[in-house]
Amino acid sequence: MTLVKRNGNFPFIFDELLSRNPYNWGLTDYSKTNTTVPAVNIKETPENFAVEVAAPGMNKKDFSIKVDGNVLTIRSEKTTEKEDQQGTQYTTREFSYQSFERSFTLPKDIVDIEKIEAKYEDGVLYLQIPKKEKEKAKEPRMIEIA
């Protein structure tokens, strides 16, 4: 039996990650198409959740990011074709297809889905998922005694 410590808002965003087989190092069972799904880093700060998706070789036009209710879905699809003809003797034609889909359940009433930002840089897709003002950690306040 494995014990998993959960606190506050973390369980919602990490449910998908914690429910997977930890011994599947090849990651092959993470996709419906039996392909490898990129690794994801998730970090919580007092202001937001930061998500990093390792997806080298893609372009930003290959991604689709959607929020439906409190479920964030990241999809990517890329196809490439290359054809070489050497005289009239032979032709080589190579093609490849890559795709993945990851979904995360966002904590209800905590994140501001209207202000989610994404950028793709150096093979990594970065998402900033801000928290609503009332949920952000506030500085401790000293109260004077009258």
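Residues numbered from 1 in each chain as written. Predicted model: local features only at pLDDT ≥ 70, side-chain atom pairs only at ≥ 80, totals over all residues. Heavy atoms only, no water.

Novice: Which residues make up the pairing of strand E7 (residues 124-130), and what values go with them?
Specialist: Relative to E7, strand E2 (residues 48-54) runs antiparallel, the two being bridged by seven bridges. The partner of asparagine 48 across the bridge, within E7, is proline 130. Bridge analysis of strand E6 (residues 117-121) against E7 gives five bridges, and the strand direction is antiparallel. For alanine 118, the partnering residue across the bridge sits in E7 and is leucine 127. (Pairing = 2+ DSSP bridges. Helix = DSSP H or I, 4+ residues; strand = E, 2+ residues; numbered from the N terminus.)

Novice: Describe the nonpolar core, listing the residues and the values that go with them.
Specialist: Counting 17 residues, the largest nonpolar core has Val51, Val53, Phe63, Ile74 and Ile129 as the members making the most contacts within it. At the level of secondary structure, the elements contributing two or more residues to this core comprise strand E1 (40-44), E2, strand E4 (71-86), strand E5 (90-105) and E7. Contact partners of isoleucine 74, with chain neighbours within four places excluded, come to Val53, Phe63, Ser64, Ile65, Phe100, Glu101, Arg102, Phe104, Leu125 and Leu127. (Core = buried A, V, L, I, M, F, W, Y, C linked by side-chain atoms within 4.5 Å. Buried < 20%, exposed > 50% of the residue type's maximum accessible area, 1.4 Å probe, protein only. Contact = heavy atoms within 4.5 Å.)

Novice: Break down the side chain of lysine 131 for me, with residues and values.
Specialist: Positionally, lysine 131 belongs in the segment after E7. Residue classification places lysine 131 among the buried positions, given a relative accessible area of 7%. Only 2.4 Å separates the side chain of lysine 131 from the side chain of glutamate 44, close enough to count as a polar contact. (Polar contact = N/O pair within 3.5 Å; in protein donor to acceptor, adjacent residues only side chain to side chain.)

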